[in-house]
Amino acid sequence: MQFTKGHGAGNDFVILEDPDGGLALTPALVAALCDRHRGIGADGVLRVVRSAKHPEAADGAAEAEWFMDYWNADGTIAEMCGNGVRVFARYLAAAGLVDGDSFPILTRAGLVRAVIDGDVIAVDMPAPRLGVASTATISPLAIPGTAVDVGNPHLVGVLPEGVDLDGLDLTREPGFDPAVFPAGVNVEFVTPLGPLDGFDAHVRMRVHERGSGETLACGSGALAVAAVTLHDAGLTTGAVAVDLPGGRLVATRGDSGWTLAGPAVLVASGETTLRA
């Protein structure tokens, strides 16, 4: 099985090119590929498959040739991955599977468009929808937060003054209300930072991703954080610099919608004999 390894701000993925959907991808195989000790190691798997050849995407084949079949590291399927779709776009371009620097990609959360500008890839993303207030618990703290839907579920909690973002133990999943998030949730913890030239807001965040654990970056999480940040600031548009352990992502709300921008890099390719 041929693979490529890539990452967006340290959020890393195993990429499997499977144009005709012939690969028998299973939860066990995904988990084996993502195992950092016995496999290749990654936060998730991106399967590159033609929309027409995937049962979840066939109805959208006229809109985009390629479907991002994204799986979390534990073998569960996810609706959207903001860094994943940018790495997916980098792979499509590098492999010669698309023409030009702007092209559509179909995801479980809907259609997005990627634009490549050198090292940076920007993707127009589903508009975040702010939901109810909820709470993330990380012993001994209970952090008030906001539910956000970015095509996948998020809970964004802004840390109160005096709570150190670096001191949070994210080796275990934070507690959350299963009545609000019956399918689980990605949990973001946020600390506001000082002004930064060229941006309307500047924050730091850490994230515990559903099905993957703490990751160095989460693109849809950065979008959710930006939506809460702009809302709390009373802004209807603006650019938010989101600093994560793996680097900086920029989430922007303009008159025509939301975009997520940042680096996306392919670092290796090879062959694996792993089987589930």
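Above this note sits the structure.
Just so you know, these numbers come straight off a predicted model, no measurement behind them.

Scoring rules and cut-offs
Every chain is numbered independently, its residues counted from 1 as its sequence is written. For a predicted model such as this one, the threshold for reporting local features is a pLDDT of at least 70, and the threshold for listing and counting side-chain atom pairs is 80 or more; totals across whole chains, interfaces and linings nevertheless cover every residue. Water and hydrogen atoms play no part in the side-chain values, which are based on all heavy atoms of the structure. Helix numbers and strand numbers start at the N terminus; a helix is a DSSP run of H or I with at least 4 residues, a strand a run of E with at least 2. When we talk radius of gyration, it's over C-alpha atoms, and the globule rule is simply 2.2 Å times the number of residues to the 0.38. Each residue is placed in one exposure class: buried if its accessible area under a 1.4 Å probe, protein chains only, is under 20% of its type's maximum, exposed if it is over 50%, and partly exposed if it falls in between. Any two residues whose heavy atoms approach within 4.5 Å are treated as being in contact. One fewer than the residue count of a helix, multiplied by 1.5 Å, yields its expected span. Two rings belonging to Phe, Tyr or Trp (six-membered ring only in the last case) form a pair when the distance between their centres is within 6.5 Å. Interplanar angles under 30 degrees mark stacking, angles over 60 mark edge-to-face geometry, and anything in between is tilted. Joining through side-chain atoms within 4.5 Å is the link that ties buried Ala, Val, Leu, Ile, Met, Phe, Trp, Tyr and Cys residues into a set, and such a set is a nonpolar core. Should a side-chain nitrogen of Lys or Arg be within 4 Å of a carboxyl oxygen of Asp or Glu, the pair is scored as a salt bridge.

**Some details on the overall build of the chain**
Item 1. On a plain count of helices and strands, the chain comes out with three helices and 17 strands.
Item 2. Against the compact-globule benchmark of 19 Å for 276 residues, the chain has a radius of gyration of 18 Å, which places it among compact chains.
Item 3. Its C-alpha atoms give the chain principal-axis dimensions of roughly 50 × 40 × 30 Å.
Item 4. Taken over 276 residues, the chain has a buried fraction of 50%.

**Considering the environment of Leu141**
Item 1. By the element assignment, Leu141 lies in strand β9 (residues 141-149).
Item 2. Taking the C-alpha atoms as reference points, Leu141 and Glu188, separated by 47 residues in sequence, lie 14 Å from one another.
Item 3. In this structure, Leu141 is in contact with Ala136, Val163 and Leu168, ignoring residues within four places of it in sequence.

**Observations regarding helix α3 (residues 219-232)**
Item 1. Compared with the 20 Å implied by 1.5 Å per residue over 14 residues, the 20 Å span of α3 between its first and last C-alpha is a close match.
Item 2. The element α3 is extensively covered by neighbouring structure, given that twelve of its 14 residues are classed as buried.
Item 3. All of the buried residues along α3 are Gly219, Ser220, Gly221, Ala222, Leu223, Ala224, Val225, Ala226, Ala227, Val228, Thr229 and Leu230.
Item 4. One or two positions beyond α3, positive phi appears at Gly234, with a value near 75 degrees.

**Topic: the packing of aromatic side chains**
Item 1. Enumeration over the complete set of coordinates arrives at two aromatic pairs.
Item 2. Ring centres of Phe13 and Tyr70 lie 5.9 Å apart, and the angle between their planes is 75 degrees; on these two criteria the pair is classed as edge-to-face. With Phe13 in strand β2 (residues 11-17) and Tyr70 in strand β4 (residues 66-72), this pair connects stretches of sequence that are 57 residues apart. In this pair, the class of Phe13 matches that of Tyr70, namely buried.
Item 3. Each ring, one from Phe176 and one from Phe181, has its centre 6.2 Å from the other, and the planes form 80 degrees; the classification is edge-to-face.
Item 4. By relative accessible area, Phe176 is classed as partly exposed at 23%.
Item 5. Here Phe181 falls in the buried class, since its relative accessible area comes to 6%.

**Comments concerning helix α2 (residues 82-94)**
Residue pairs spaced three or four apart in an α-helix point in one direction, given the helix's 3.6 residues per turn.
Item 1. For α2, which comprises 13 residues, the first-to-last C-alpha distance of 19 Å matches the rise-based estimate of 18 Å (1.5 Å per residue) to within 8%.
Item 2. Taken across its 13 residues, α2 has eleven buried, putting it largely inside the fold.
Item 3. Those residues of α2 that fall on the buried side of the exposure criterion are Gly82, Asn83, Gly84, Val85, Arg86, Val87, Phe88, Ala89, Arg90, Tyr91 and Leu92.

**Remarks on the environment of Leu196**
Item 1. Mapped onto the elements of the fold, Leu196 is located in the loop between β11 (186-192) and β12 (201-209).
Item 2. Exposure remark for Leu196: the relative accessible area of 27% places this residue in the partly exposed category.
Item 3. Leu196 sits 44 residues away from Val240 along the chain, and the two C-alpha atoms are 9.4 Å apart.
Item 4. Not counting the four nearest positions on each side in its chain, Leu196 is found in contact with His202, Ala241 and Arg248.

**Re the nonpolar core**
Item 1. Counting 53 residues, the largest nonpolar core has Leu46, Val48, Phe88, Leu92, Phe103, Ile105 and Met205 as its most contacted members.
Item 2. A per-element tally of this core places α3 first, with eight residues.
Item 3. Discounting chain neighbours no more than four positions away, the residues touching Phe103 are Ala89, Leu92, Val98, Val112, Arg113, Ala114 and Ile116.

**Focus: the pattern of salt bridges**
Item 1. Scanning the model with the defined rule gives 14 salt bridges in all.
Item 2. Ionic pairing is found between Arg50 and Glu65, a salt bridge with its closest N-O pair at 3.2 Å. Placement of the pair is Arg50 in strand β3 (residues 44-50) and Glu65 in the loop between β3 and β4, with a sequence separation of 15 residues.
Item 3. Note on Arg50: relative accessible area 29%, which makes it partly exposed.
Item 4. A salt bridge links Asp243 to Arg248; the nearest nitrogen and oxygen atoms lie 2.7 Å apart.

Coordinates in, geometry out; function isn't part of it.
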